[in-house]
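Below, each chain spelled out in residue letters.
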Amino acid sequence: MDVLNLLIEDHRTVEALFDKIETTDNPRLMQQYFAQIAQELTLHAAGEEEAFYPAVGQFASTANLVRESYEEHAEVKRLINDISFLQPTAPLYRERIAQLRAALAHHIEEEEGELFPRVAEHFSEQQCLELGDQVLQTKKEAKQRLLGMGV
């Protein structure tokens with residue numbers, strides 16, 4: 001699969017999970033949706049950080065965007081960690097979920113609006129397909145690591 005389409009598909013999956021968590025008051029469902037969001041984002045970040053960003057960050061037009069993406073990933077990981085210690089009934093829970101969604105919306109907007117078009121200028125269709133395979137493999141390996149940790 002083309003790497004850009006793969007990453008965009010990941011973005012839409014997480015956005016749909018946010019829609020679900022925001023429209024329920026059931027604490028069990030909220031925890032379930034958050035667990036799915038956390039896992040999707042962990043795997044997505046692994047694919048980007050271990051395969052995508054190293055490959056696409058080598059160009060002058062993408063280097064700063066990739067550097068900023070790493071910083072945004074760190075913020076998302078911090079928020080995920082913070083939320084993981086809260087119960088869905090806690091007063092801060094929905095606020096932190098909203099902060100996470102806003103951070104992701106900003107990140108997605110920059111990737112899809114700025115980084116991905118620049119990547120498309122530098123990579124052929126075949127290279128995008130090969131990089132998609134690398135990202136998929138990296139995500140598969142990251143999932144195995146998570147399963148090995150009992151997550």
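Computed from a predicted model, the values in this text were never measured in an experiment.

### Concerning the environment of glutamate 114
Thinking step 1. Looking at the secondary structure, you find glutamate 114 in helix H4 (residues 93–122).
Thinking step 2. Glutamate 114 sits 37 residues away from lysine 77 along the chain, and the two C-alpha atoms are 22 Å apart.
Thinking step 3. The residues contacting glutamate 114, other than those within four sequence positions of it, are Leu65 and Glu109.

### Concerning the pattern of salt bridges
Pairs can form between side chains of opposite charge whenever their charged atoms are close.
Thinking step 1. Per the stated rule, a full pass over the model turns up eleven salt bridges.
Thinking step 2. A salt bridge links glutamate 15 to arginine 12, with the nearest nitrogen and oxygen atoms 2.6 Å apart. Here glutamate 15 and its partner arginine 12 are both found in helix H1 (residues 3–22), three residues apart, which amounts to about one turn of the helix.
Thinking step 3. In this structure, the salt-bridge partner of arginine 101 is glutamate 22, at a minimum N-O distance of 2.6 Å. Taken together, the positions of arginine 101 in helix H4 and glutamate 22 in helix H1 put the pair 79 residues apart, joining distant regions of the chain.
Thinking step 4. For glutamate 22, a relative accessible area of 36% corresponds to the partly exposed category.
Thinking step 5. One salt-bridge network, in which partners are shared between bridges, spans Arg12, Glu15 and Glu112.

### Examining the environment of alanine 103
Thinking step 1. Inspection of the secondary structure assignment puts alanine 103 in helix H4.
Thinking step 2. Considering only alpha carbons, one finds alanine 103 and histidine 73, 30 residues apart in sequence, at a separation of 9.2 Å.
Thinking step 3. Beyond its immediate chain neighbours, meaning those up to four positions away, alanine 103 contacts Val76 and Leu79.

### Re H4
Thinking step 1. Helix length check: H4, at 30 residues, gives a terminal C-alpha distance of 41 Å against a target of 44 Å (1.5 Å per residue), a fit within 8%.
Thinking step 2. The largest bend in H4 comes to about 35 degrees, at glutamate 111.
Thinking step 3. Taken as a whole, H4 has its buried residues at Tyr93, Arg96, Ile97, Leu100, Leu104, His107, Ile108, Glu110, Glu111, Leu115, Phe116 and Val119.
Thinking step 4. Contacts made by the buried residues of H4 are with H1, helix H2 (27–56) and helix H3 (60–84).

About the criteria used
- Residues numbered from 1 in each chain as written.
- Predicted model: local features only at pLDDT ≥ 70, side-chain atom pairs only at ≥ 80, totals over all residues.
- Heavy atoms only, no water.
- Helix = DSSP H or I, 4+ residues; strand = E, 2+ residues; numbered from the N terminus.
- Contact = heavy atoms within 4.5 Å.
- Salt bridge = Lys/Arg side-chain N within 4 Å of Asp/Glu carboxyl O.
- Buried < 20%, exposed > 50% of the residue type's maximum accessible area, 1.4 Å probe, protein only.
- Expected span 1.5 Å × (residues − 1).
- Bend = angle between axes of the 7 residues up to and from the residue.

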